[in-house]
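Residue strings, one per chain:
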Amino acid sequence: MYIFYTALLGSLKNFVKYKKFNIFLFLRTPLCIFFIQLLLKTNNIWKVLIYERWFMFIFKTLRSLYRNDYYNKREKYIIKYNMRY
């Protein structure tokens, strides 16, 4: 049951921020937690949640590098934050 707490809170935050619900984002966290729990063969909730956060951090960083997000969104940041490069 604790697997869905993080997913519910994250979905609530996304709904408040973006006004839409995405089932794939909702299911991503429980599936990651489930597979990490199987891989580590542990029921330590804190350890599994920390590893899930580390995994998502690394995944999102690599995805951002692959998509080249910084350079693709650079113009938006220059206008929004009045930055100079």
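Residues numbered from 1 in each chain as written. Predicted model: local features only at pLDDT ≥ 70, side-chain atom pairs only at ≥ 80, totals over all residues. Heavy atoms only, no water.

J.: Where do I start with the pattern of salt bridges in this structure?
T.: It is possible for side chains bearing opposite charge to pair when their charged atoms get close. As enumerated under the stated definition, the model contains one salt bridge in all. Residue Arg 53 pairs with Glu 52 through a salt bridge whose shortest N-O separation is 3.0 Å. For Glu 52, a relative accessible area of 1% gives the class buried. (Salt bridge = Lys/Arg side-chain N within 4 Å of Asp/Glu carboxyl O. Buried < 20%, exposed > 50% of the residue type's maximum accessible area, 1.4 Å probe, protein only.)

J.: Is there a simple way to explain the confidence of the model for the protein in this structure?
T.: When pLDDT is low, close inspection of the predicted coordinates is not appropriate. Overall, the prediction assigns the protein a mean pLDDT of 88, with 99% of residues at 70 or greater. Mean pLDDT across the secondary structure elements of the protein bottoms out at helix H5 (residues 74–81), with 83, and peaks at helix H3 (residues 45–67), with 93. (pLDDT = per-residue confidence, 0-100. Helix = DSSP H or I, 4+ residues; strand = E, 2+ residues; numbered from the N terminus.)

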